[in-house]
Amino acid sequence: MDKEKIIVIDGRELRFSDGETILEVAKRNHIDIPTLCHLKGATPTGACRVCVVEVEGARNLMASCTVPAAPNMVVRTETPEVIRSRRMTIELMLTSGNHEDCLVCPASGDCRLQELAFRYKAKGATFQDTGVKYPMETVNPFILRDFSKCVLCGRCVQACNDVQVNEAIDFGYRGAATKIVAKGDLPLKDSDCVFCGECVQVCPVGALVPKNAFKIPRISETTPVKTTCSYCGVGCQMNLHVKNNRIWHVTGCEESAPNHGSLCVKGRFGFDFVASDRRLTRPLIKENGEFREASWDEALDLTARRLKEISGEHADAAGVLTSARITNEENYIAQKFARAVLKTNNVDHCARL
Ligand code: SF4
Ligand code: SF4
Ligand code: SF4
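Residues numbered from 1 in each chain as written. Chains lettered and ligands numbered in written order. Predicted model: local features only at pLDDT ≥ 70, side-chain atom pairs only at ≥ 80, totals over all residues. Heavy atoms only, no water.

Some remarks on the site of ligand 1
(1) Moving on: Around ligand 1, the neighbouring residues are His99, Asp101, Cys102, Cys105, Ser108, Cys111, Gln114, Lys149, Val205 and Gly206.
(2) Moving on: For the shell around ligand 1, the per-class residue count stands at four nonpolar, four polar and two charged. (Near = heavy atom within 4 Å. Nonpolar A, V, L, I, M, F, W, Y, C, P; charged D, E, K, R; others polar.)

Brief notes about unusual backbone geometry
(1) Moving on: For the bond from Ala257 to Pro258, the omega torsion is 5°, close enough to zero to count as cis.
(2) Moving on: Inspection of the secondary structure puts Pro258 in the loop between β12 (246–252) and α6 (265–269).
(3) Moving on: A positive phi is found at Asn72, a non-glycine position, where the angle reads about 65°.
(4) Moving on: By the secondary structure assignment, Asn72 is in the loop between β4 (62–63) and β5 (74–76).
(5) Moving on: We classify Asn72 as exposed; its relative accessible area is 56%.
(6) Moving on: Even without being a glycine, Asn288 presents a positive backbone phi close to 50°.
(7) Moving on: Structurally, Asn288 can be placed in the loop between β13 (284–287) and β14 (290–293). (Helix = DSSP H or I, 4+ residues; strand = E, 2+ residues; numbered from the N terminus. Buried < 20%, exposed > 50% of the residue type's maximum accessible area, 1.4 Å probe, protein only.)

What about helix α2 (residues 80–95)?
(1) Moving on: End to end, α2 covers 22 Å across 16 residues, agreeing with the expected 22 Å (1.5 Å per residue, within 8%).
(2) Moving on: Turning to α2, its buried residues are Val82, Arg86, Thr89, Ile90, Glu91, Met93, Leu94 and Thr95.
(3) Moving on: Buried-residue contacts for α2 involve β3 (52–55), β5 and α3 (112–119). (Expected span 1.5 Å × (residues − 1). Contact = heavy atoms within 4.5 Å.)

Overview of the nonpolar core
(1) Moving on: Core analysis: the biggest nonpolar cluster contains 36 residues, and Leu36, Ile90, Leu113 and Ile143 have the highest contact counts within it.
(2) Moving on: Secondary structure elements with two or more residues in this core: α2, α3, α4 (155–163), β8 (179–182) and α5 (198–202).
(3) Moving on: Filtering out sequence-adjacent residues up to four positions away, Leu36 remains in contact with Cys48, Val50, Met93, Arg112, Leu113, Leu116, Val151, Cys153, Arg155 and Pro204.
(4) Moving on: Core analysis: the next-biggest nonpolar cluster, separate from the first, contains 19 residues, Phe16, Ile33, Val53 and Val67 among them. (Core = buried A, V, L, I, M, F, W, Y, C linked by side-chain atoms within 4.5 Å.)

Thoughts on α4
(1) Moving on: Of all nine residues in α4, seven are buried, a share of seventy percent or more.
(2) Moving on: Three or more residues of α4 are buried, namely Arg155, Cys156, Val157, Gln158, Ala159, Cys160 and Asn161.
(3) Moving on: Once α4 ends, the next one or two residues include Val165, with phi positive near 55°.

Thoughts on the side chain of Asn331
(1) Moving on: Along the chain, Asn331 falls in helix α8 (residues 328–341).
(2) Moving on: Here Ser323 takes part through its backbone oxygen, which lies 3.2 Å from a polar atom of the side chain of Asn331.
(3) Moving on: When near neighbours in sequence (up to four residues on either side) are disregarded, Asn331 contacts Thr322, Ser323, Ile326 and His349. (Polar contact = N/O pair within 3.5 Å; in protein donor to acceptor, adjacent residues only side chain to side chain.)

Examining the sheet that holds strand β10 (residues 223–228)
(1) Moving on: Here we have three strands laid out as an open sheet, ordered β10-β11-β12, and antiparallel in their pairing. Among the strands making up the open sheet, the edge pair consists of β10 and β12. Strand-to-strand, the axes of this sheet are offset by a mean angle of 35°, without reference to chain direction.
(2) Moving on: Taken together, the six bridges between strand β11 (residues 237–243) and β12 define a ladder with antiparallel strand orientation. Bridge pairing in β12 places His241 opposite His249. (Pairing = 2+ DSSP bridges. Axes fitted to C-alpha atoms, helices over the stretch in contact; angles between N-to-C directions.)

Focus on the packing of aromatic side chains
(1) Moving on: One pass over the full model with this rule turns up five aromatic pairs.
(2) Moving on: With a centroid separation of 6.1 Å and an interplanar angle of 75°, the aromatic rings of Tyr231 and Phe273 are classed as edge-to-face. Here the residue Tyr231 occupies a position in the loop between β10 and β11, and Phe273 occupies one in the loop between α6 and β13, the gap between them amounting to 42 residues.
(3) Moving on: Classification of Tyr231 by relative accessible area gives partly exposed; the value is 22%.
(4) Moving on: The class for Phe273 is partly exposed, based on a relative accessible area of 37%.
(5) Moving on: By way of ring pairs, the aromatic residues Tyr134, Phe147 and Tyr173 are connected into one cluster. (Phe/Tyr/Trp six-rings, centres within 6.5 Å; stacked < 30°, edge-to-face > 60°.)

Some thoughts on the domain arrangement of the protein
(1) Moving on: Once the domains are mapped, the protein shows domain 1 (3–78), domain 2 (222–269), domain 3 (280–313) and domain 4 (316–353).
(2) Moving on: Using only C-alpha atoms to locate each centre, domain 3 and domain 4 end up separated by 19 Å. (Domains from an automatic or database assignment.)

Quick look at the pattern of salt bridges
(1) Moving on: Counted under the stated rule, the structure contains 20 salt bridges.
(2) Moving on: Close ionic contact of Arg305 with Glu309 constitutes a salt bridge, the shortest N to O distance being 3.8 Å. With Arg305 and Glu309 both in helix α7 (residues 296–313) and four residues apart, the pair spans about one turn of that helix.
(3) Moving on: Here Arg305 falls in the partly exposed class, since its relative accessible area comes to 47%. (Salt bridge = Lys/Arg side-chain N within 4 Å of Asp/Glu carboxyl O.)

A closer look at the sheet that holds β4
(1) Moving on: Taken together, five strands build an open sheet; the order of strands is β2-β1-β5-β3-β4 and the sheet is mixed. Two strands lie at the open edges of the sheet, namely β2 (12–15) and β4, each paired on one side alone.
(2) Moving on: For β3 and β4, the ladder comprises two bridges, and the chain directions are antiparallel. Across the sheet, Val52 pairs through a bridge with Ala63, a residue of β4.

Structure below.
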């Protein structure tokens, strides 16, 4: 092995590339260093201090997400001092907010802080609470902001500014009064927020949850079903979180192209139509100005007969209008049907503009 590019983590000699951090080398080699503020694809901030490790020769514990691996560096990831430090960090987070009601928190079961508190046997409310409380923001159409649960990790800020490049939120105020704010500390609905929900997806606790989170099953109670978003031709990969044959949450698939976890407001929040009782489930035929239900056979026979009659009588009287909500293959078939069967080039698409 090239000794220039070797780091020792927990006794294992591991190769690294220029610029790789200790955390990245560890992750690549399946060594578990817990993180909270770290967001894939964004510049590491070292804000939460959960990923601290012992580096031989260093006076203090170091945040492994920000420290580049170096030749002959010797790192230990789970020493008593590391464990003590992580426990204290978690206890500080538990103290600084309202984290004693996991039983009724929508994030329970899918909360990084809860998971870490259990792992490091952290006790809640070990330190004195600073007392600064901001009321819950409930006025937004899709997102509920519970500032009492915010641990100021900054993931939402990075997701909004670095990943989605919406630049709608940032840190505001100072010290114990620090808060994640939109411009002018206005509610999200009055800010530059486009409700893509990226911040909700990356929030490691229950500080950002869907608006109806208290009325629907928690994400941890649902089963993810991977699918492709049907709203447009980008083809974002998403997980539908299903319980009792109903979709309750939608999250982007971080491991899949083209979106790598990101979604827009439609893909993330626009799924009510699936369970709508106003949805058409059977073909309708209009007779004397009124719709009546019909079988698929009857509707298709009628459509075929009328298309044949109209195309036969008036060349180019028929046209085919397709949609970005169907696949490329289906769009191809539709234009082929227009040209080869209806003998017309009248083909158009809702996303052509
Ligand atoms: S955010 Fe996490 S730790 Fe806090 S109450 Fe909710 S589940 Fe518990
Ligand atoms: S919903 Fe999207 S735009 Fe709005 S604050 Fe969150 S990440 Fe930013
Ligand atoms: S709202 Fe969530 S993601 Fe944003 S800083 Fe607070 S805890 Fe972190």
